[in-house]
Structure formats: C-alpha cells, structure tokens
Amino acid sequence: MRTRRTLMAVTAGLAASTLLLSACGSDKKDNSSEGAAGDASQVEVFTWWASGSEKLGLDALTKVFNTQHPETKFINGAVTGGAGSDAKNLLQTRLQAGDPPDTFQAHAGAELTDYIAAGQLQDVSNLYDEFGLKDAFPKDLIARLTVDGKIYSVPSNIHRANVVWGNPAVISAAGLDPAAKYATLDDWFTALDKIKASGKTALSVAQTWTQVNLLETVLISDLGAEGYNGLWDGKTDWSGAEVTKALTDFQKLMSYTNDDRAGLDWPEATQQVIDGNAAFNVMGDWAEAAFQEAKKTAPADYIYFPVPGTDGIFDFLADSFTLPVGAKHAGGTKNWLDTISSKDGQIAFNKAKGSIPARNDIDKSEFGAYQQTAIDSFGKDTIVSSLAHGAAAPIKVSTAISDATSKFTTGATDLAQYQKDLAAAAASK
C-alpha cells in the first residue's frame, strides 16, 4: 500500500464554506442520502471526455462497465469543451431545469461546493461502505472528499497538474541538454530564451484554462506549498509582494508562448510539442496519454519533469462522479460508481488516461514509467489543490480568476490591475 502525507489544501475551508452556503440556501432540497436504489436499466454518464485520449479513457472504462454490469445500458452524455467549460454550462442548465443526468463528472474538492449547497447532490457515503472504499482509498483522500460528515462523489483517478512536457530534439537544436534540471523559474527562463532565439515556440499554451493551469504552477513555484495553500484559506495576501513576483514571472512565461493560443485547446498545444513545433508545454498528466497515443517513447521522444520550483509538490486534482438529486436511473448510477471505483475499472481507465488510480491497493507495475513516477510522488510529496481543475476554489472564484487572466493575457489589463482583479476574485467566494 502506498503511504501519503496528509493532503494540505482546502479540506477545512471547503467544509466551512459549505456550511455557510448551506445556511444561506436552507430552502433548497435536503441532499441527505437517498441511497442508490432504483432503475438500473440504463445510466446516462455526463462527461467532457469527448475526443482524443480522454475519450480513449472513457471507452476503456465503458468496456469494463459493460462486462461488470451487462444489465445496465451505458448512455454516453459526453460534451466537448476544454476542462469541461461547455459541459459545466449545459449541466447547470439541466440541473436548474430539474433534468439531471444520472451521473456527472466533476473535479473533486471545492468545485462541488455549489452543487452541494444547492441541494443538487446526494450523499453516497453508504456506497463507500458497500464497496469497501474506505479501505481502498487513502484516508487523507477520504478526508478531502468528506464535507460535513458526508461524501458526494467517487473518484476515478488522480491527476497531477504541475508537469512540464518537452521535446528533446527541439531542446537539443537550441544548444541545450534535454536532461538538464531547472531548480527555479529563473533557471528555466535562460533555457526558454535560447529556444525562442532558435525560432521555435519555447512554451505552448492554449485557451484561458490552460493559462490558469500555468498560473497556478507559477504561484506554487514562487510561494511554496504553504504560501499557495494560504491563497485559499486567507493566510496569504493576494495583494502582497510575493504574489506580485509570481505574476511577474507568469507574465514573462506568457511572453514565450504561441500567438495562436486563444484558438487552441490542450490537445493542440500538446501536439505542438509532439510535432516538434514547440519545446515545452505545462499540462496535467492527461498529456501522457496524448504522447502514448502518438506512439512516442520517453526519454527519446519526449521528457517530463515538475514545473521548476515545484519539485517535491504534487498539484492535485481528481475526476469524480456523482449521484444527482432526481436522477432517473439511480440503480444505474450505483453500478457506474461501482465500476469506476473497482480495481479493474481504475486500472483500465488510468492506463488510457495517463492518470493514476485513487485506490491504494493496485500494483504500480501495471502502469508505464511516467505513471509509476506519479504514484511515487503522490505517495511522498506535499499535496496542494489545483485551481484550474476545481480542487482549490469554488466555481465562482475560479471563473472570476479565469476572466481576470483572459483580460490580462489578451492585453486588456496591466499587471497591477490583474493582481487587483485576482484579489477581488478570491474574495468573492
């Protein structure tokens, strides 16, 4: 069994904010456990895994589901859109109309706060007991998932967001050693300067959410785990000099990026590295699946390392699934949650997705070289929660940060205003 340090980020803050929101929304339907009894003839699974390696992961999971629960018809409710932005908008419309899918994908952590407060999710703690998940999942992960004594989702995986992916041929052509280590962002800037001078894109990014992913890794690098966690529990001042330094570094990193970023999603940004048009890309480890799909082998065809300054820190997110209040096929949902949390389901899904299992009783030799390093890292490193992927802040806050970032990276605001906008966004929860 893997051992893990205590997950540090926002569990206490999430519980507190949920209590406050629940008090403000006490006229909402009670979201206490209704169980998962009911129609098991089908299950509509609502995700944003609609293409590429993400769809391959869903397909692998569906294959296991069809074997384990042939009596339940799988209905694919996938919606296209990077990081789930389009899916989340459609989902909110359906929830407000009283027409929820049988289960929907959500990032574990603070992203669930609004759904819980609105009375839109059922407590699935009873399934953790029935499926034996309190023993199969690490205790610190269970603690992160627990809100006011209840659990509202089941994770299918663990992802790491603070990973640099690189093309060794492009790096070598710029006169750099692909095996070089960069202890700080300043060290990395020197290498990025040389790559930019060679005529290649030094750092590929895509639309706004990928830029927020980059931003959070810079904040982690410059503030450290404790300082970064303090952004979400109020102990770190968003208006402080340390944050100004981090935003200055983020601004410098954006100066190395591709001009066509606004029209791209993460697969296209990662593809620039795969095709040798860019040297580096900062992306979660779903990118690993893209390199595998392209038949690339590390370290000959690609390299990976933690964002400089974040070695020893694991920027955490997890895809999880829910049981919405009013789900028409709750029995089908129960079967889906059974599969995604099972050994066979987690092995098949994570092999295809590039992530690692949430379960702690799976042999890591089942997985490739990158995933084995991620398993080791998750077991020993300091864990922080991802902003871009819903673990660190409620949807309202992360949306406001995304809006502020879009204005900044398109030149609509300067750095001083950007910092003010971020401080206001963090205070909006």
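Not measured: the values here are computed from a predicted model.

S.K.: What's the story with the pattern of salt bridges in this structure? I'm lost.
M.R.: Side chains bearing opposite charge may pair, as long as their charged atoms lie close to each other. Scanning the model with the defined rule gives 13 salt bridges in all. Note that Lys245 is salt-bridged to Asp249, the shortest N-O span being 2.6 Å. Here Lys245 pairs with Asp249, and both are found in helix α11 (residues 241–254), just four residues apart, close to one helical turn. Residue Lys245 is classed as partly exposed on the basis of its relative accessible area, which comes to 39%. Residue classification places Asp249 among the buried positions, given a relative accessible area of 6%.

S.K.: Is there a simple way to think about the environment of Asp129 in this case?
M.R.: Among the structural elements, Asp129 can be located in helix α5 (residues 125–131). The sequence separation of Asp129 and Asp363 amounts to 234 residues, and the corresponding C-alpha distance is 23 Å.

S.K.: I keep staring at the sheet that holds strand β14 (residues 382–385) and nothing clicks. Help me out?
M.R.: Strand pairing in a sheet is mediated by backbone hydrogen bonds. Such pairs are either parallel or antiparallel. Strands sit in the order β7-β12-β14 across an open sheet of three strands; the sheet is mixed. The open sheet is flanked by β7 (159–160) and β14, the only strands paired with a single partner. In this sheet, strand β12 (residues 313–317) lies alongside β7 in antiparallel orientation, the contact comprising two bridges. Counterpart to His159 in the pairing with β12 is Leu317. Against the sheet, helix α16 (residues 369–380) contacts β7, β12 and β14, and its axis sits at roughly 100 degrees relative to β12.

S.K.: I'm lost on the packing of helix α10 (residues 208–233) against helix α17 (residues 395–409) in this one. Help?
M.R.: When two helices pack together, their arrangement is captured by the angle between the axes and the distance separating the axes. Where α10 contacts α17, the axes come no closer than 10 Å and their chain directions differ by 115 degrees. For the element pair α10 and α17, the recorded crossing hand is right-handed. The segment α10 lies against α17, with Thr208, Gln211, Val212, Leu215 and Trp232 engaging Ile401, Ser402, Thr405, Ser406 and Thr409.

S.K.: Looking at this model, I keep getting lost on the side chain of Ser385. Mind explaining?
M.R.: Following the sequence through the fold, Ser385 ends up in strand β14. Among the polar contacts listed, one links the side chain of Ser385 to the side chain of Arg144, at a separation of 2.5 Å.

S.K.: Sorry, what's going on with unusual backbone geometry here?
M.R.: Peptide bonds are trans in most cases, and residues, glycine excluded, mostly fall at negative phi. In this chain, Ala298 is followed by Pro299 through a cis amide linkage whose omega measures 0 degrees. For Pro299, the position within the fold is in the loop between α13 (286–293) and β11 (303–306). A positive phi angle, near 55 degrees, is found at Asp148, a position not held by glycine. Residue classification places Asp148 among the exposed residues on the basis of a relative accessible area of 55%. Residues other than glycine seldom take positive phi values, yet Lys295 does so here, at roughly 65 degrees. Along the chain, Lys295 falls in the loop between α13 and β11.

S.K.: Please clarify how the packing of aromatic side chains should be interpreted in this entry.
M.R.: Each aromatic ring pair is characterised by the separation of its centres together with the angle its planes make. All chains considered together, the criterion is met by 27 aromatic pairs. Considering the side-chain rings of Trp49 and Phe321, the 5.7 Å spacing of their centres and the 65 degrees angle between planes classify their relative orientation as edge-to-face. Remark: Phe321 occurs in strand β13 (residues 319–321) and Trp49 occurs in the loop between β1 (42–46) and α2 (52–68); sequence separation between them is 272 residues. The same class applies to Trp49 as to Phe321, namely buried. Here the aromatic rings of Trp165 and Tyr302 are separated by 6.4 Å at their centres, their planes lie at 35 degrees, and the arrangement is tilted. Taken together, the positions of Trp165 in strand β8 (residues 163–166) and Tyr302 in the loop between α13 and β11 put the pair 137 residues apart, joining distant regions of the chain. Here a set of aromatic residues connected by ring pairs shows up, and it is made of Trp49, Phe65, Phe74, Phe321, Trp336 and Phe349. Of note, Lys88 hangs over the ring of Trp48, and the distance from its end group to the ring centre comes to 5.3 Å. In this structure, Lys252 packs its charged tip against the face of Phe189, placed 5.4 Å from the ring centre.

S.K.: What is the right way to look at the sheet that holds β11 in this model?
M.R.: What the four strands build is an open sheet, ordered β9-β10-β8-β11; its pairing is mixed. Only two strands of the sheet have a single partner each, and these edge strands are β9 (201–204) and β11. Averaged over all neighbouring strand pairs, the angle between strand axes comes to 20 degrees, with direction disregarded. One ladder, built from four bridges, connects β8 with β11; its direction is antiparallel. Among the inter-strand pairings, Trp165 is bridged to a residue of β11, identified as Tyr304.

Cut-off values and rules
Residues numbered from 1 in each chain as written. Predicted model: local features only at pLDDT ≥ 70, side-chain atom pairs only at ≥ 80, totals over all residues. Heavy atoms only, no water. Salt bridge = Lys/Arg side-chain N within 4 Å of Asp/Glu carboxyl O. Helix = DSSP H or I, 4+ residues; strand = E, 2+ residues; numbered from the N terminus. Buried < 20%, exposed > 50% of the residue type's maximum accessible area, 1.4 Å probe, protein only. Pairing = 2+ DSSP bridges. Contact = heavy atoms within 4.5 Å. Axes fitted to C-alpha atoms, helices over the stretch in contact; angles between N-to-C directions. Left-handed = near helix turned anticlockwise from the far one by under 90°. Polar contact = N/O pair within 3.5 Å; in protein donor to acceptor, adjacent residues only side chain to side chain. Phe/Tyr/Trp six-rings, centres within 6.5 Å; stacked < 30°, edge-to-face > 60°. Lys NZ or Arg CZ within 6 Å of the ring centre and 35° of its normal.

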